[in-house]
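Remarks on the overall topology
Single-letter residue listing:
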Amino acid sequence: MPHVLIVDDDRNTAEALVDLTAEQGFTASIASSLREARIQMIRRQPDVVLIDLKLPDGDGMSLFGDLERNVTRAVVVITGHASVESAVEALRIGATDYLVKPINIARLQAILSRVPRAADLEATVRQLREDLAQTGRFGRMIGASPVMRSLYEQVIRVAPTEATVLLVGESGTGKELVAHTLHDLSRRHAAPFLAVNCGAISPNLIESEMFGHERGSFTGAERQHKGYFERANGGTLFLDEITEMPVELQVKLLRVLETGSFMRVGTNRELEIDVRVVAATNRNPEAAVADGKLRADLYHRLNVFPLHLPPLRERGDDAELLARHFLGELNAEHGAAKVLPEATLARIRQHGWAGNVRELRNYMQRTFILSDRELEPLQPGLDVAVSSSESIDMINIPVVTSFAE
């Protein structure tokens, strides 16, 4: 059975946690200080640690360095002295979650239910690495360049945790794919994954879309509506283009991240949710803060684990790998057997791909449509030469160098 170590100098709290974890199928041991916790860890490395922030002989977070991360799958900080700074620091150094006393029992039960057995997680990661070596594919992502391998290793580390992730990268680099991969490799993988483009929702409707509304709360609200947070309960919510969210709504988002609760428009009743947030932007987030597009406090709360997505021009041979993948999808969809000749691959390798993976995908679709058996070396974004049994002149295609995320 998985084992939990409860580190809390409040005996009543510790014993209540023993009962709760037993219901979830865990054995448990109790320590009332850092010294006792280290003794317990020598006897048996725990699968889960529930640790109070303030202990008689020091800060609970100092115990993190003694954990064997290949054994311990979750570390939950529990405190009656909550602050944004301590929450961010706990998550940054490896805590799975951060709970405030009195403990939200439902939320803790949800955390424990998602603790993977070590063998399951290791088998999944091993299979992903084998697929990467053989096909250049890592889950939903494609690419075998050194910068992408580095990204995959970071994804492996952060996915099983509850840390908020901020994805930063140019438009078209695949931020939603990375967010979905984080979800697939997390303990929430069986729950919903919802993606929201914050810049695509009318400013007048975004609060209702995010948090929902009650019937009659405004003109046209003819029935109760559940927002994205409520519909993603138990899963992952991907907030794309977070800097496009109105600043006044960013305050409410910060409160949801800190408390795990929100109110639908038109009611004062708080609803509790258990949602992991992954946010993304194609802006420089620090510049967005300076420009007033992103609140500084929200940025620091989102930036617990930042991931930078490299542009396609920095990914070496990945452009060719992606082109072959897109062609394979198109051939399968249309029952065709078109191929990429060397001249076309050379053009693909030479192009700068300002629109990144999205531009390459669009280029492959245009080339596929306008080619016969072999995909001719078309100039990306400009004129397209078509291979056909008849003589066809150059066809002008408008230049496309930037795409909305």
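What comes next concerns the included structure. (Residues numbered from 1 in each chain as written. Predicted model: local features only at pLDDT ≥ 70, side-chain atom pairs only at ≥ 80, totals over all residues. Heavy atoms only, no water.)

**So, the overall build of the chain**
Definition in use: Strands are runs of DSSP state E lasting at least two residues, helices are runs of H or I lasting at least four, and both sets are numbered from the N terminus onward. For every residue, the accessible area obtained with a 1.4 Å probe (protein chains only) is divided by the maximum for its type, and the residue is called buried under 20%, exposed over 50%, and partly exposed between those limits. Residues count as neighbours in contact if any of their non-hydrogen atoms are within 4.5 Å of one another. In these tables, accessible area is a Shrake-Rupley quantity obtained with a 1.4 Å probe, and a residue counts as shielded only by the protein chains included in the view.
What the chain contains, in helices and strands, is 15 helices and 18 strands. Buried positions account for 50% of the 405 residues belonging to the chain. Taking as baseline every contact in the chain between residues at least 6 positions apart, the subset at least 24 positions apart corresponds to 67%. Entry remark: accessible area of the chain is about 18,800 Å², with carbon and sulfur atoms responsible for 49%.

**Re the sheet that holds strand β16 (residues 305-309)**
Worth spelling out the cut-off: When DSSP finds two or more bridges between two strands, those strands count as paired. To define axes, lines are fitted to C-alpha atoms, for helices over the stretch in contact only, and angles between the resulting N-to-C directions are given on a 0 to 180 degree scale.
Strands sit in the order β11-β12-β15-β10-β16 across an open sheet of 5 strands; the sheet is parallel. Each edge of the sheet is formed by a strand with only one pairing partner; in this case those strands are β11 (193-197) and β16. Averaged over neighbouring strand pairs, the angle between their axes works out to 20 degrees when direction is ignored. One ladder, built from 5 bridges, connects strand β10 (residues 165-169) with β16; its direction is parallel. Directly across from Gly169, in β16, lies its bridge partner Leu309. Helix-sheet contacts for helix α6 (residues 146-158) involve β10, β15 (276-281) and β16, and the interaxial angle to β16 is about 155 degrees.

**A short note on the sheet that holds strand β1 (residues 3-7)**
Remark on secondary structure: sheet strands pair via backbone hydrogen bonds, oriented parallel or antiparallel. With respect to topology, 5 strands assemble into an open sheet ordered β2-β1-β3-β6-β7, the strand pairing being parallel. Edge positions in the sheet fall to β2 (27-31) and β7 (97-100), since each of these pairs with one other strand and no more. With strand direction ignored, the average angle separating the axes of adjacent strands in the sheet is 20 degrees. Strands in contact with helix α1 (residues 11-23) are β1, β2, β3 (48-52) and β6 (74-79); relative to β2, the strand with the most contacts, it is inclined by about 170 degrees.

**Quick notes on the environment of Leu17**
Within the secondary structure, Leu17 sits in helix α1. The spacing of Leu17 and Leu50 is 33 residues in sequence and 8.7 Å in space, taken between C-alpha atoms.

**Thoughts on the pairing of β1**
Note the following rule: Handedness is read with the strands pointing away from the viewer; a crossover is right-handed when the path from the first strand over the helix to the second is clockwise.
The buried count for β1 comes to 5 of 5 residues, which makes it a mostly enclosed element. Side chains His3, Leu5 and Val7 of β1 all project onto a buried face; the interleaved residues Val4 and Ile6 project onto the opposite face, where all are buried too. In this fold, β1 hands off to α1, which returns the chain to β2; that crossover is right-handed. For β1 and β3, the ladder comprises 4 bridges, and the chain directions are parallel. The residue bridging Ile6 from the neighbouring strand is Leu50, located in β3.

**Thoughts on the nonpolar core**
In plain terms, the rule: Among the buried residues, those of types Ala, Val, Leu, Ile, Met, Phe, Trp, Tyr and Cys that are joined through side-chain atoms within 4.5 Å form a nonpolar core.
Ranked by internal contacts, the top residues of the largest apolar core, which has 48 residues, are Val7, Val155, Leu167, Val178 and Leu182. Top element by residues in this core is α6. It accounts for 6 residues. With near-sequence residues (within four places) excluded, Val155 lies in contact with Phe138, Met141, Val178, Thr181, Leu182, Leu185 and Leu307. With 31 residues, the next largest nonpolar core counts Ile206, Leu249, Leu254 and Val277 among its residues.

**A word on the packing of aromatic side chains**
Operational definition: Aromatic contacts are taken between Phe, Tyr and Trp rings whose centres are within 6.5 Å, Trp giving its six-membered ring; a plane angle under 30 degrees counts as stacked, one over 60 as edge-to-face, and the others as tilted. Put simply, a charge is over a ring when the Lys NZ or the Arg CZ is close to the ring centre, within 6 Å, and near the line of the ring normal, within 35 degrees.
All told, the structure shown has 4 aromatic pairs when counted by the stated rule. Here a set of aromatic residues connected by ring pairs shows up, and it is made of Phe211, Phe229 and Phe262. Just above the ring of Phe368 sits the side chain of Lys338; from NZ or CZ to the centre is 4.2 Å.

**Comments concerning the packing of α6 against helix α7 (residues 175-184)**
Rule in force here: Should an angle lie under 35 degrees it is considered roughly parallel, over 145 roughly antiparallel, and from 65 to 115 roughly perpendicular; all remaining angles are considered oblique. Here a crossing is taken to be left-handed if its near helix is turned anticlockwise relative to the far helix by less than a right angle, and right-handed if that turn runs clockwise. Note on residue classes: Ala, Val, Leu, Ile, Met, Phe, Trp, Tyr, Cys and Pro are nonpolar, Asp, Glu, Lys and Arg are charged, and everything else, Gly too, is polar.
Viewed as axis vectors pointing N to C, α6 and α7 meet at an angle of 40 degrees, and their least axial separation amounts to 9 Å. If you check the angle between α6 and α7, you find them oblique. Taken as a pair, α6 and α7 cross one another with a handedness that is right-handed. The residues of α7 that touch α6, namely those facing Leu151, Val155 and Val158, are Val178, Thr181 and Leu182. Looking at side-chain class alone, the contact of α6 with α7 contains 5 nonpolar, 1 polar and no charged residues.

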